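As a plain string of letters, each chain reads:
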Amino acid sequence: MNTLSTLAVSAVAAAASLAILPSGASAQATIAYPEKCKSQGMDMPKTDMSSAGMQMGEMTDHQKASMEGMKNMGMNMMQGMMKKDADVSFVCGMIAHHMGAISMSEVELKYGDNDEAKQMAQKVIEAQKKEIEEMSKWVDKEVK
């Protein structure tokens, strides 16, 4: 599978996770990154999206939405990956990664116009949301 196809499938998968949300609701509004995954005292750098190669003003609405989702995912993933316990680091990092997939899928559902891509996005949302719930339960149970 070529890179473009892989990216398209990933984006669609992420969008699918949102389909199980009430109309107009964002997964980010309904799924919170677990507090136990956040690193205490870790100052997260503010990401300047202009370093991505173009100014935000030159981006389309879907590009801006995608960049915002990536920024949020990256900050949460870095916090989770800083956990000293390898298991906790993995699970927290994966929760953030899955939240990023949902965000990408939300962008596809909002801005995309291809029915097949939107269906893939919906599937991603459903699958990722279920896995986030499972991993969050593990974090609640295992992380002190």
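In case you missed it, the structure is sitting above this.
The rules behind the values
- Residues numbered from 1 in each chain as written.
- Predicted model: local features only at pLDDT ≥ 70, side-chain atom pairs only at ≥ 80, totals over all residues.
- Heavy atoms only, no water.
- Axes fitted to C-alpha atoms, helices over the stretch in contact; angles between N-to-C directions.
- Helix = DSSP H or I, 4+ residues; strand = E, 2+ residues; numbered from the N terminus.
- Parallel < 35°, antiparallel > 145°, perpendicular 65-115°, else oblique.
- Left-handed = near helix turned anticlockwise from the far one by under 90°.
- Nonpolar A, V, L, I, M, F, W, Y, C, P; charged D, E, K, R; others polar.
- Buried < 20%, exposed > 50% of the residue type's maximum accessible area, 1.4 Å probe, protein only.
- Polar contact = N/O pair within 3.5 Å; in protein donor to acceptor, adjacent residues only side chain to side chain.
- Contact = heavy atoms within 4.5 Å.

(A) Region of interest: the packing of helix H4 (residues 86-111) against helix H5 (residues 115-142). Where H4 meets H5, the closest approach of the two axes is 8 Å, and the angle between their N-to-C directions is 155°. Considering the angle they form, H4 stands roughly antiparallel to H5. Our pair here, H4 against H5, has a crossing hand that is left-handed. Class assignment of the residues belonging to the contact of H4 with H5 gives a composition of 17 nonpolar, five polar and six charged.

(B) Quick look at the side chain of Gln128. Following the sequence through the fold, Gln128 ends up in helix H5. What makes Gln128 buried here is its relative accessible area of 14%. At 3.0 Å, the side chain of Gln128 and the side chain of His98 are in polar contact.

(C) Highlighting the side chain of Ser136. You can see Ser136 is positioned in helix H5. Taking relative accessible area as the criterion, Ser136 reaches 15% and is therefore assigned buried. When near neighbours in sequence (up to four residues on either side) are disregarded, Ser136 contacts Pro34 and Ile95.

What is shown is where atoms sit, not what they do.
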